[in-house]
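Examination of the molecular architecture
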Amino acid sequence: MAVKDYIRERFFPHMWCPGCGHGIVLNSLLRAVERLGMSKNEIVMVSGIGCSSRISGYVDFHTLHTIHGRALAFATGVKLGQPELNIIVPMGDGDALSIGGNHFIHAARRNIDLTAIVMNNRIYGMTGGQYSPLSGYGTMATTAPYSNIDQDFDVVDLSIAAGAAFVARTTVYHAKQMADILMKAIIHEGFSVVEVMTQCPTYFGRKNRAGDAVDMMEHMKEITTPIGSKAKEKNPDLLERGIFVQKEIPEYCQEYERIIERAQADVS
Amino acid sequence: MAKPKLKQHVINREWCKGCGICAHFCPKDVLEMDEKDKAVVKRPEDCICCKLCEIRCPDLALDVETE
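Thresholds applied
All residue numbers refer to positions counted from 1 along the written sequence of the respective chain. Key to labels: chains lettered from A, ligands numbered from 1, both in the order written. For this predicted model, a pLDDT threshold of at least 70 governs which residues receive local features, and a threshold of 80 or more governs which side-chain atom pairs are given and counted, while totals over whole chains, interfaces and linings are taken from all residues. Note that water and hydrogens are dropped before the side-chain values are worked out from all heavy atoms of the structure. A cavity here means a set of 1 Å grid points, computed over protein atoms only, where a 1.4 Å probe fits but cannot escape. A pocket is an open set with protein on both sides within 12 Å along at least 5 of 7 lines, and lining residues have an atom within 4 Å of a point. Grid points are joined across faces, edges and corners, and a volume is the space filled by probe spheres set on the points. Amino acids are sorted into nonpolar (Ala, Val, Leu, Ile, Met, Phe, Trp, Tyr, Cys and Pro), charged (Asp, Glu, Lys and Arg) and polar (every other residue, Gly among them). Working definition: helices are DSSP H or I runs of at least four residues, strands are E runs of at least two. Numbering for both runs from the N terminus. In this scheme, a helix's expected span is set at 1.5 Å multiplied by one less than its residue total. Relative accessibility under 20% of the residue-type maximum defines a buried residue, over 50% an exposed one, and the middle range a partly exposed one, all with a 1.4 Å probe and only protein chains included. Within this scheme, the nonpolar core is defined by two criteria: the residues are buried Ala, Val, Leu, Ile, Met, Phe, Trp, Tyr or Cys, and they are joined through side-chain atoms within 4.5 Å. When checking whether two residues touch, look at their non-hydrogen atoms; a contact exists if any pair is within 4.5 Å. Accessible surface is computed with a 1.4 Å probe, and the buried area is the amount of it that two parts give up when combined, taken over both parts together. By salt bridge we mean one thing: a side-chain nitrogen of Lys or Arg within 4 Å of a carboxyl oxygen of Asp or Glu. Two N or O atoms count as a polar contact when they lie within 3.5 Å, although within protein this holds only if one can serve as hydrogen donor and the other as acceptor, and sequence-adjacent residues are included solely when both atoms are side-chain atoms. Throughout, disulfides are identified as pairs of cysteine sulfur atoms within 2.5 Å of each other. Centres within 6.5 Å are what make two rings of Phe, Tyr or Trp a pair, Trp counting through its six-membered ring; a difference in plane orientation under 30 degrees is then read as stacked, over 60 as edge-to-face, and the rest as tilted. For a ring to carry a charge above it, either NZ of a lysine or CZ of an arginine must fall within 6 Å of the ring centroid while also lying within 35 degrees of the normal to the ring plane.

1. What to know about empty space enclosed by the protein
Residue and element names in this part refer to chain B. Applying the stated criterion across every chain yields a total of two cavities of 30 Å³ or more. Residue lining of the largest cavity: 15 residues in total, with Cys16, Cys19, Cys22, Ala39 and Cys57 positioned closest to the centre. Class assignment for the residues of the lining of the largest cavity results in 11 nonpolar, two polar and two charged. Empty space within the second largest cavity amounts to approximately 80 Å³. The wall of the second largest cavity is formed by His9, Cys26, Pro27, Val30, Leu31, Cys47, Ile48, Cys49, Cys50, Lys51, Cys53 and Val64. Of the residues belonging to the lining of the second largest cavity, the class tally is 10 nonpolar, one polar and one charged.

2. Looking at helix H1 (residues 22–36) of chain A
All names here are of chain A. Compared with the 21 Å implied by 1.5 Å per residue over 15 residues, the 21 Å span of H1 between its first and last C-alpha is a close match. Counted residue by residue, H1 has 12 buried out of 15 residues, so it is predominantly covered. Regarding H1, the residues found buried are His22, Gly23, Ile24, Val25, Leu26, Asn27, Ser28, Leu29, Leu30, Arg31, Ala32 and Val33.

3. Brief notes about the nonpolar core
If you look at the biggest cluster of nonpolar residues, it comprises 57 residues, and the most contacted ones within it are Leu26(A) and Leu30(A). What Leu26(A) contacts, discounting residues up to four positions off in sequence, is Phe12(A), Trp16(A), Ile55(A), Tyr58(A), Val59(A) and Leu60(B). In terms of nonpolar packing, the next biggest core, distinct from the first, is built from 29 residues, Val46(A), Ala116(A), Leu158(A) and Cys253(A) among them.

4. A closer look at the interface of chain A and chain B
Listed per partner, the contact involves 27 residues of chain A and 17 residues of chain B. Carbon and sulfur atoms make up 64% of the area that chain A and chain B hide from each other, which totals about 1900 Å². Applying the counting rule to chain A against chain B returns two salt bridges. Between Glu54(B) and Arg31(A) there is a salt bridge; the shortest N-O distance is 3.1 Å. Counting across the interface, chain A meets chain B through 12 residue pairs in polar contact (both at pLDDT 80 or more). Examining the composition of the side of chain A that touches chain B, we find that six residues originate from one element, H1(A), more than from any other. Looking at the side of chain A that touches chain B residue by residue, the class counts come to 17 nonpolar, five polar and five charged.

5. Thoughts on the state of the cysteines
Where two cysteines share a covalent bond between their sulfur atoms, that bond is called a disulfide. Residue and element names in this part refer to chain B. Following the criterion strictly, the structure yields zero disulfides over all chains and no others. The closest cysteine sulfur to the non-disulfide-bonded Cys22 is located on Cys19, 6.3 Å from its own sulfur. Classification of Cys22 by relative accessible area gives buried; the value is 10%. Cysteine Cys50 remains unbridged, with the sulfur of Cys26 as its closest cysteine sulfur at 6.2 Å.

6. Here we look at the packing of aromatic side chains
Aromatic rings considered in pairs are described by the distance between their centres and by the relative angle of their planes. Applying the stated criterion to the full structure yields six aromatic pairs over all chains. Summarising the aromatic geometry, the rings of Tyr6(A) and Phe61(A) are spaced 6.0 Å apart at their centres and angled 65° between planes, so their arrangement reads as edge-to-face. One end of the pair, Tyr6(A), is in the segment before H1; the other, Phe61(A), is in the loop between helix H2 (55–58) and strand E2 (62–65), and 55 residues separate them in sequence. For the pair Tyr6(A) and Phe61(A), a shared accessibility class is recorded, and that class is buried. If you follow Arg56(B) out to its NZ or CZ, it ends over the ring of Tyr173(A), 4.4 Å from the centre. For the cation-ring pair, Arg56(B) lies above Phe25(B), with the distance from its terminal atom to the ring centre recorded as 5.1 Å.

Below, the structure written as structure tokens:
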């Protein structure tokens with residue numbers, strides 16, 4: 001199937017702003033799914049609220065557009081009910097780690113087989129540019145007109161600490177790498193987190209004088225480096241991208257199935 | 001694998017929002033933005049079919065068709 005066969009063309013052009021990185025995430029995700037040769041019927045996309053979460057309306061999979069921060073909770077329900085389906089949960093930075101912060105760490109701790117994509121544009125775009133837990137110290141936002149004094153989360157460190165079985169980071173500039181990583185994340189059995197650094201030229205870009213979408217993508221190229229590169233040794237401030245964790249640990253639905261078997265053996 | 005040969009670039013002008021990502025990151029300077037801020041093909045003969053424009057287009061508005 002071609003990439004276009006996986007989208008709901010009737011809703012295009014999409015509602016994202018010109019140059020919004022979320023469209024590139026959609027683009028790479030479709031390519032990952034196409035390369036895996038998956039049918040539309042074996043994928044469920046569950047999203048919450050925000051610009052990023054509108055992605056579920058554009059893909060022609062089974063889709064659930066749910067409530068703010070609770071996409072992972074709904075996804076957990078779907079997965080436990082139909083463990084054979086592949087569940088993809090795209091979330092914004094605020095949706096995943098502020099409103100949905102607890103759902104996020106506990107889904108990771110349980111190691112339920114979901115693919116969580118954190119589309120990190122470092123701001124709440126849809127509601128008008130408020131700072132998020134990933135905006136970072138010193139950034140400007142509508143709600144931080146004299147600059148933000150909150151420190152940010154490191155999504156990768158947080159996910160590893162919470163016990164996720166697959167943890168990766170990439171950017172929309174590195175769209176080819178993103179498609180490769182998303183492919184591996186989808187087929188990995190267990191809770192997979194992929195942080196995708198993306199740009200919001202409309203709010204983050206304007207508030208922080210970061211230029212247009214092109215400038216913001218050039219910046220992503222400059223501030224990131226592959227894991228373990230020489231450049232990182234010289235400049236420790238560079239953000240590493242690639243796959244940080246990929247491990248096999250007991251998956252929640254399989255463990256739950258064994259509990260059911262044990263309980264049934266007890267009864268009979 | 002043989003080098004892919006370009007058939008044509010298909011640009012959906014209805015979907016293109018003129019962000020300029022395709023034109024800026026094209027390694028061979030094949031694309032440009034026109035007066036209406038839509039991507040257009042200016043130098044198709046230089047295209048090496050790397051498809052970087054296609055995979056980075058946030059609007060899914062660009063296809064590089066190869067033979």
